[in-house]
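Working through the structure, step by step
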Amino acid sequence: MGTWISTWTDDPADRALPALLCLPPAGAGCQQFRSWQPELAGTAQVYGVQLPGRENRWREPMPDTFDEAVEAIAAELVSTVGERPLIVFGHSFGGLLGYEVSRRVAPRALVVSGCRAPGHWDGAGRGIVDDGEELDKLFDTAGLDPELLDEDTRALMVAMLRKDAQLSLSYVHKPGVRLDVPVHAWGADGDETVTAADLEGWAAITTAAFARHSTTGGHHAVLRHPRPVLDQLTALLRAEGADSPAPAPVPTPTTTGA
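Residues numbered from 1 in each chain as written. Predicted model: local features only at pLDDT ≥ 70, side-chain atom pairs only at ≥ 80, totals over all residues. Heavy atoms only, no water.

Here we look at the pattern of salt bridges
Definition in use: Salt bridges are counted wherever a side-chain nitrogen of Lys or Arg sits within 4 Å of a carboxyl oxygen of Asp or Glu. Only DSSP runs of H or I covering at least 4 residues are called helices, and only runs of E covering at least 2 are called strands; the numbering of each starts at the N terminus.
One pass over the full model with this rule turns up 10 salt bridges. The residue arginine 57 makes a salt bridge to glutamate 60 at a minimum N-O spacing of 2.7 Å. Residues glutamate 100 and arginine 103 are paired through a salt bridge, measuring 3.3 Å at the closest nitrogen-oxygen approach. With glutamate 100 and arginine 103 both in helix H3 (residues 93-105) and three residues apart, the pair spans about one turn of that helix. Through salt bridges with shared partners, one network takes in Glu71, Glu100, Arg103 and Arg104.

The following block contains the structure:
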């Protein structure tokens, strides 16, 4: 069984930095966040969540329920990140996963993009599972023309999208205790799948600050042109790094004369 969390740096110094956990959209793997590590060098260690059924976990079965996936991610995250400051970022379906993970691990902030608020997820993804209307929209807003994809590539992408959509349909929002961390919701002016009301709904899940941010493009605009959200994440992570206590000095060995 593969691991749920990946990282792209072996530098021991990075393990003292704040952590950024990135959760990809439905049908995608976490390798797309590999390029974020050099962008955040010296500021954070970037981690990506890898669900089964893709990339290095291609042959592994999907979990039976949404909650099963969240529990597995949260458990591995605690042992991986430890007590370091943590910020969670999730795009689309990854934002929903990020929210439920955040309810279990208490990050310093939650940043989501192109994602309906938890209370707005009733039936979300059903179009992908049933008739493919939302699937075609997701191809379009990602800048992909389904007609230009070879048959095998399209079939692979469709299969992953539908598996993740099916997983999302097992999600039931249980409001419970609200988060007490700042929440930032990013949306795009050309997104046909997530409305302004869907984004505003995130204000209801936290007792701390809420802010909505906008960019230009379609559903995947933040991932295709990540500079604005990377700038925001950099500021949040640097603030956490500045607030963290300095590591204890390593004692210097001493010698005594005979």
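With respect to H3
Under the convention used in this document: Each helix should span, by expectation, one fewer than its residue count multiplied by 1.5 Å. Relative accessibility thresholds used throughout: buried, under 20% of the residue-type maximum; exposed, over 50%; partly exposed, between the two (1.4 Å probe, protein chains only).
Helix length check: H3, at 13 residues, gives a terminal C-alpha distance of 19 Å against a target of 18 Å (1.5 Å per residue), a fit within 8%. In terms of residue burial, H3 counts as a mostly covered element, since 11 of its 13 residues are buried. What H3 keeps buried is the set Phe93, Gly94, Gly95, Leu96, Leu97, Gly98, Tyr99, Glu100, Val101, Ser102 and Val105. Where H3 terminates, the next one or two residues include alanine 106, which has phi positive at roughly 55°.

So, the confidence of the model for the protein
Cut-off, in case you're wondering: Scored between 0 and 100, pLDDT is the confidence that the predictor attaches to each residue. When checking whether two residues touch, look at their non-hydrogen atoms; a contact exists if any pair is within 4.5 Å.
Looking at the protein, pLDDT values average 84 and 82% of them are 70 or higher. In this model residues 140-145 is a low-confidence stretch, pLDDT under 50, and it forms 10 contacts with partners more than four residues away in sequence or in other chains. Counting interchain partners and residues more than four positions distant, the pLDDT-below-50 stretch residues 245-258 has zero contacts.

Let's talk about the packing of helix H2 (residues 66-81) against H3
What describes two packed helices is the angle between their axes and the distance between those same axes. The following threshold applies: Axis lines are fitted through C-alpha atoms, for helices just across the contact stretch, and the angle between N-to-C directions can take any value from 0 to 180 degrees. Each angle gets one of four labels, with under 35 degrees taken as roughly parallel, over 145 as roughly antiparallel, 65 to 115 as roughly perpendicular, and the rest as oblique. Helix crossings are classified by the rotation of the near helix relative to the far one: an anticlockwise turn of less than a right angle makes the crossing left-handed, while a clockwise turn makes it right-handed. In this classification, the charged set is Asp, Glu, Lys and Arg, the nonpolar set is Ala, Val, Leu, Ile, Met, Phe, Trp, Tyr, Cys and Pro, and all remaining amino acids, among them Gly, are polar.
As a packed pair, H2 and H3 sit with axes 9 Å apart at the nearest point and diverge in direction by 60°. One element, H2, and the other, H3, form an angle in the oblique class. As for how H2 packs across H3, the hand of that crossing is right-handed. In contact with Phe66, Asp67, Val70, Glu71, Ile73, Ala74, Leu77 and Val78 of H2, H3 contributes Phe93, Leu96, Leu97, Glu100, Val101, Arg104 and Val105. Among the residues making up the contact of H2 with H3, the classes are represented as 11 nonpolar, no polar and four charged.

Points about the packing of aromatic side chains
Two aromatic rings are characterised by how far apart their centres lie and by the angle between their planes. What counts is decided by this rule: Between rings of Phe, Tyr and Trp, where Trp is taken as its six-membered ring, a pair exists when centres lie within 6.5 Å; planes separated by under 30 degrees are stacked, by over 60 edge-to-face, and by other angles tilted. Charge over a ring is defined by NZ of Lys or CZ of Arg lying within 6 Å of the ring centre and within 35 degrees of the ring normal.
Applying the stated rule across the entire model yields seven aromatic pairs. Both rings, one in tyrosine 99 and one in tryptophan 202, keep their centres 5.9 Å apart while their planes meet at 80°; by these two values the pair is edge-to-face. Remark: tryptophan 202 occurs in the loop between helix H7 (196-200) and strand E7 (210-215) and tyrosine 99 occurs in helix H3; sequence separation between them is 103 residues. Feature note: the residues Phe66, Phe93, Trp121 and Tyr171 constitute an aromatic cluster, connected by ring pairs. Looking at lysine 163, its charged tip hangs above the ring of tryptophan 58, at a distance of 5.8 Å from the centre.

Here's the deal with the sheet that holds strand E6 (residues 183-188)
Our working rule: The rule for pairing is simple: two strands pair if DSSP sees at least two bridges between them.
The strand order across the open sheet built from seven strands is E1-E3-E2-E4-E5-E6-E7, with neighbouring strands paired in mixed fashion. At either end of the open sheet lies a strand with only one pairing partner, and these are strand E1 (5-7) and E7. Neighbour-to-neighbour, the strand axes of the sheet open up by a mean angle of 20°, direction not taken into account. Pairing of E6 with E7 involves six bridges; the strand directions are parallel. Note that in E7 the partner of glycine 187 across the bridge is serine 214. The strands that H3 touches are strand E2 (19-23), strand E4 (86-91) and strand E5 (109-113); relative to E4, the one it contacts most, it runs at about 155°.

A closer look at unusual backbone geometry
For residues besides glycine, phi is generally negative; the peptide bonds are generally trans as well. At glutamate 55, a residue that is not glycine, the phi angle is positive and equals roughly 45°. By the element assignment, glutamate 55 lies in the loop between strand E3 (45-49) and H2. Residue classification places glutamate 55 among the partly exposed positions, given a relative accessible area of 40%.

Describing the environment of serine 92
Rules: Any pair of nitrogen or oxygen atoms within 3.5 Å is treated as a polar contact; in protein, a donor-acceptor pairing is required on top of that, and neighbouring residues in sequence qualify only through side-chain atoms on both sides.
Summarising the element assignment, serine 92 is placed in the loop between E4 and H3. A relative accessible area of 12% places serine 92 in the buried class. For the pair serine 92 and leucine 23, spaced 69 residues apart in sequence, the C-alpha separation works out to 8.9 Å. Reaching out from serine 92, the side chain makes a polar contact with the side chain of histidine 219 at a distance of 2.9 Å.

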